[in-house]
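As a plain string of letters, each chain reads:
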Amino acid sequence: LNEHHDVSFELADLIASATRRHRDAESFRREVGEILVQSLVSLQMENFQAAGKKVAAYAHLLALVVQDREMYTATLGELKECFTTFLGFIQVLPEKSSDESFPWIGHVLLVLEKLLSDDCQPPQIRWSIPDHENPSADDEQPAHLEEPLVSLDQKMQLYEALVEILPRIGKDETLALSICRILVILTRTRSIAVRLGEKRSLQRLFVMVKQLSSSTNEKLQGAFMLILRHIIEDEDTIRQIMRSEIV
């Protein structure tokens, strides 16, 4: 990857093949996941943007590997621990021209999207069924929800980073789609949707869309409409829709 930045798919296939043939596949997955995560994190340095293609290659390989559910599960601990570090890659230096591409951002967002998508799933509830024959104090314990994979503070930090680079996307449809897919997930949280609905943030979002006005990417358009829907639909609106549907 240091010398050849376009072999991510081949390496991902190689890792998948090696995993299937390994005697202890579970430990192999953990080891590979840890190596890939730490290799990407090690590139987090002051001038990492000068080696943007290298960072993009590392992030792309990690993103491809964790699409496998078993590999993702084995790497989950590392991903959670390094989430804040990954946010350091979501930035653009002020002196960068608007015409430059930022290949690493989209691939890093692909890694974060996998974690955020999993975080959106209904949380596991732990509850012990009371024993009526032998009651105890433990039976009175309320149901317990598992901790979220990504905290609200981390989501807000990611949101702030994305808003800062919205006007710098230019004509890069792929990056725009990556950012919009993340914003769709983030704005499911009402507090973040409200922040994006503020004048400054909304202006930046529409600047991005205006720069891509000639785009016919249906996925991008669909993601943009979902973001607007999340901004507009507050709790009262949702209740009214539910009443209308029920009646």
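Up top you'll find the structure we're talking about.
We now turn to the structure provided with this report.

Parameters at a glance
- Residues numbered from 1 in each chain as written.
- Predicted model: local features only at pLDDT ≥ 70, side-chain atom pairs only at ≥ 80, totals over all residues.
- Heavy atoms only, no water.
- Helix = DSSP H or I, 4+ residues; strand = E, 2+ residues; numbered from the N terminus.
- Expected span 1.5 Å × (residues − 1).
- Bend = angle between axes of the 7 residues up to and from the residue.
- Buried < 20%, exposed > 50% of the residue type's maximum accessible area, 1.4 Å probe, protein only.
- Contact = heavy atoms within 4.5 Å.
- Polar contact = N/O pair within 3.5 Å; in protein donor to acceptor, adjacent residues only side chain to side chain.
- Arc of directions from axis to C-beta.
- Axes fitted to C-alpha atoms, helices over the stretch in contact; angles between N-to-C directions.
- Parallel < 35°, antiparallel > 145°, perpendicular 65-115°, else oblique.
- Left-handed = near helix turned anticlockwise from the far one by under 90°.
- Nonpolar A, V, L, I, M, F, W, Y, C, P; charged D, E, K, R; others polar.
- Core = buried A, V, L, I, M, F, W, Y, C linked by side-chain atoms within 4.5 Å.
- Phe/Tyr/Trp six-rings, centres within 6.5 Å; stacked < 30°, edge-to-face > 60°.

1. Structural notes on helix H4 (residues 69–81)
(1) Moving on: The end-to-end C-alpha distance of H4, which contains 13 residues, comes to 18 Å, matching closely the 18 Å that a straight helix rising 1.5 Å per residue would cover.
(2) Moving on: The largest bend along H4 reaches roughly 55° and is located at Thr-75.
(3) Moving on: Taken together, the buried positions of H4 are occupied by Met-71, Tyr-72, Ala-74, Thr-75, Leu-76, Glu-78 and Leu-79.
(4) Moving on: Against helix H1 (8–21), helix H2 (25–42), helix H3 (52–65), helix H5 (83–87) and helix H6 (103–119) lie the buried residues of H4.
(5) Moving on: Capping of H4 at its N-terminal end is provided by Asp-68; its side-chain oxygen lies 3.3 Å from the backbone amide nitrogen of Glu-70.

2. Details of helix H10 (residues 199–211)
(1) Moving on: Its 13 residues place the ends of H10 18 Å apart at the C-alpha level, agreeing with the 18 Å of an ideal helix rising 1.5 Å per residue.
(2) Moving on: All of the buried residues in H10 are Ser-201, Arg-204, Leu-205 and Met-208. Along the axis of H10, the buried positions cluster into a sector of 100°, meaning they face one direction only. Across H10 from its buried face, at more than 90 degrees, point the exposed residues Lys-199 and Lys-210.
(3) Moving on: Against the buried residues of H10 lie helix H7 (152–165), helix H8 (173–186), helix H9 (190–196) and helix H11 (218–232).

3. Side note on the packing of H10 against H11
(1) Moving on: Running from N to C, H10 and H11 cross one another at 165°; their axes reach a closest spacing of 12 Å. Taken together, H10 and H11 sit at an angle that is classed as roughly antiparallel. Judged by the twist between their axes, the crossing of H10 over H11 is left-handed. Here H10 contributes Leu-202, Leu-205, Phe-206 and Val-209 to the contact with H11, which in turn contributes Phe-224, Ile-227, Leu-228 and Ile-231.
(2) Moving on: Split into classes, the residues belonging to the contact of H10 with H11 amount to eight nonpolar, no polar and no charged.

4. Focus: the environment of Ile-192
(1) Moving on: Here Ile-192 is to be found in helix H9.
(2) Moving on: A relative accessible area of 0% places Ile-192 in the buried class.
(3) Moving on: Put simply, Ile-192 and Ile-231 are 39 residues apart on the chain and 8.8 Å apart in space, counted from C-alpha to C-alpha.
(4) Moving on: Those residues within four positions of Ile-192 in sequence are excluded, and the remaining contacts are Leu-152, Lys-155, Met-156, Tyr-159 and Leu-186.

5. Examining the nonpolar core
(1) Moving on: Membership of the largest hydrophobic core comes to 71 residues, with the highest contact counts inside it found for Phe-86, Leu-158 and Leu-162.
(2) Moving on: Counting residues per element, this core draws most heavily on H8, which supplies 10 residues.
(3) Moving on: Among residues more than four places away in sequence, those in contact with Leu-158 are Phe-83, Leu-87, Leu-109, Leu-112, Leu-116, Ile-182 and Leu-186.

6. Side note on the packing of aromatic side chains
(1) Moving on: Within this structure, the stated rule accounts for two aromatic pairs.
(2) Moving on: Consider the rings of Phe-102 and Trp-104, whose centres lie 6.0 Å apart with planes at 75°: the pair is edge-to-face.
(3) Moving on: Residue classification places Trp-104 among the buried positions, given a relative accessible area of 2%.
(4) Moving on: For the ring pair Phe-206 and Phe-224, a centre distance of 5.6 Å and an interplane angle of 90° mean the geometry is edge-to-face. Separated by 18 residues along the polypeptide, Phe-206 in helix H10 and Phe-224 in helix H11 bring together distant segments of the chain.
(5) Moving on: The class of Phe-206 is partly exposed, set by a relative accessible area of 39%.

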